[in-house]
Amino acid sequence: MPVRALVVDPSAPAAVRLSEIPDPVPGPGQVLVDVSHASLNHGDLNDARSGRVPTGAVLGSDAAGVVVRAAADGTGPEVGTRVVALTSRAFAERVAIDVGALAEVPTGLDLVKTVALPVAGVAALRSLRAAGLGPDKRVLVTGASGGVGRFAVQLAARAGAHVIASVGSTARGEGLVDLGADEVLIGLEGLEQAVDVVIDSVGGPQLVAAWSLLAPGGSAQSVGWTSGEPAVFPPYATVGPAKSLTSFVIDGDAGRDLAVLTELTAAGALTVEIGWQGTWDRFTEAAEALRGRRVSGKAVLQITQ
């Protein structure tokens, strides 16, 4: 039987429409999941418009739901297990998911919060890890009111770092001190002391400014580019004591990192903020809110009624 899904359609609003696709057939190391919730990321919006995901293909990366068919090879969770996953073609009523791409959801943890974790949470966790996070580090998080930013602020603070959260307005900075930020800045105004780590999801001129603030030996991780603006470095900006600007992408199975994030969330050690929530037939509304920077935290789509 066919299932409904959000597929790429350049002629549709937000370049996405609801359609029907064949029921997925899982491979030996995959489980079949009935998806109840999905989470929307800036990367999904870019995928829909950039051509990286072809017309007619299912969009999405973040999914949560219940296993309805266990993996044929005996690996992974049993039927009836609640799971969260970072997987391709996530925006569908039913998805075949590699067992290494998912984690079981702890008892009592709401799937609405859980589904916000995959892309944003894993990106925050892995980029901080790659940058060499430690208790003696000064960490700058740009776009700190967004999905990746809020998780990065909390994870860096848990590691004992001095966390500087950069946001676009006073309103978007609300609550970040409670999450662990030592300083909350509008843009980079007033920041003069060098930082050891930059987690940047804004790009453009702000990335250039953040680079100039990076200490020798420091690491800037380019996690996103929500500004859509070019980054123009002045002459000799990259000449001097060694420091690095690294592109970032989530590679490989995310299951283990998702398990860490879900356990932290279930224990109350990681806060998830849902800034927009609605049914998936309101995708265009959610996309416009996300692009317009009217969402603090994450936007969550309800798949099943």
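See above for the structure.
The shown structure was predicted, so the numbers you read here are calculated from the model rather than taken from an experiment. (Residues numbered from 1 in each chain as written. Predicted model: local features only at pLDDT ≥ 70, side-chain atom pairs only at ≥ 80, totals over all residues. Heavy atoms only, no water.)

Caption draft 1: Spatial organisation of empty space enclosed by the protein. Tallied over the entire structure, the rule returns 1 cavity of 30 Å³ or more. Considering only enclosed or pocket space, the largest cavity measures out at about 50 Å³ in volume. Taken together, Gly146, Gly147, Arg150, Phe151, Gln154, Thr271, Val272, Glu273, Gly297 and Lys298 make up the lining of the largest cavity. If you tally residues by element for the lining of the largest cavity, the top one is helix H4 (residues 147-158), at 4 residues. For the lining of the largest cavity, the class distribution of residues is 2 nonpolar, 5 polar and 3 charged. (1 Å grid on protein atoms, 1.4 Å probe; cavity = no way out; pocket = protein on both sides within 12 Å on 5 of 7 lines; lining within 4 Å. Points joined across faces, edges and corners; volume = space filled by probe spheres on them. Helix = DSSP H or I, 4+ residues; strand = E, 2+ residues; numbered from the N terminus. Nonpolar A, V, L, I, M, F, W, Y, C, P; charged D, E, K, R; others polar.)

Caption draft 2: Expanded view of the environment of Ala266. Residue position: Ala266 is located in helix H7 (residues 255-266). Taking relative accessible area as the criterion, Ala266 reaches 40% and is therefore assigned partly exposed. The residues contacting Ala266, other than those within four sequence positions of it, are Pro106 and Leu109. (Buried < 20%, exposed > 50% of the residue type's maximum accessible area, 1.4 Å probe, protein only. Contact = heavy atoms within 4.5 Å.)

Caption draft 3: Region of interest: the environment of Lys137. Structurally, Lys137 is set in the loop between helix H3 (118-131) and strand S8 (138-141). Sequence separation between Lys137 and Gly218 is 81 residues; the distance between their C-alpha atoms is 9.5 Å. Beyond its immediate stretch of four places on either side in the chain, Lys137 contacts Gly132, Ala161, His162 and Asp196.

Caption draft 4: Representation of the layout of surface pockets within the structure. The computed volume of the second largest pocket comes to approximately 200 Å³. Of the residues forming the lining of the second largest pocket, the biggest block, 3 residues, is contributed by strand S6 (residues 94-98). Residue classes in the lining of the second largest pocket are distributed as 8 nonpolar, 3 polar and 2 charged.

Caption draft 5: Quick look at the pattern of salt bridges. In total, this model carries 10 salt bridges according to the counting rule given. The closest approach of N and O atoms between Asp34 and Arg94, which form a salt bridge, is 2.8 Å. Of this pair, Asp34 sits in strand S3 (residues 30-40) while Arg94 sits in strand S6, placing them 60 residues apart in sequence. Between Arg126 and Asp257 there is a salt bridge, with the nearest N and O atoms lying 2.7 Å from each other. Taken together, the residues span a long stretch of sequence, with Arg126 in helix H3 and Asp257 in helix H7 at a distance of 131 residues. Here Arg126 falls in the buried class, since its relative accessible area comes to 17%. What makes Asp257 buried here is its relative accessible area of 9%. (Salt bridge = Lys/Arg side-chain N within 4 Å of Asp/Glu carboxyl O.)

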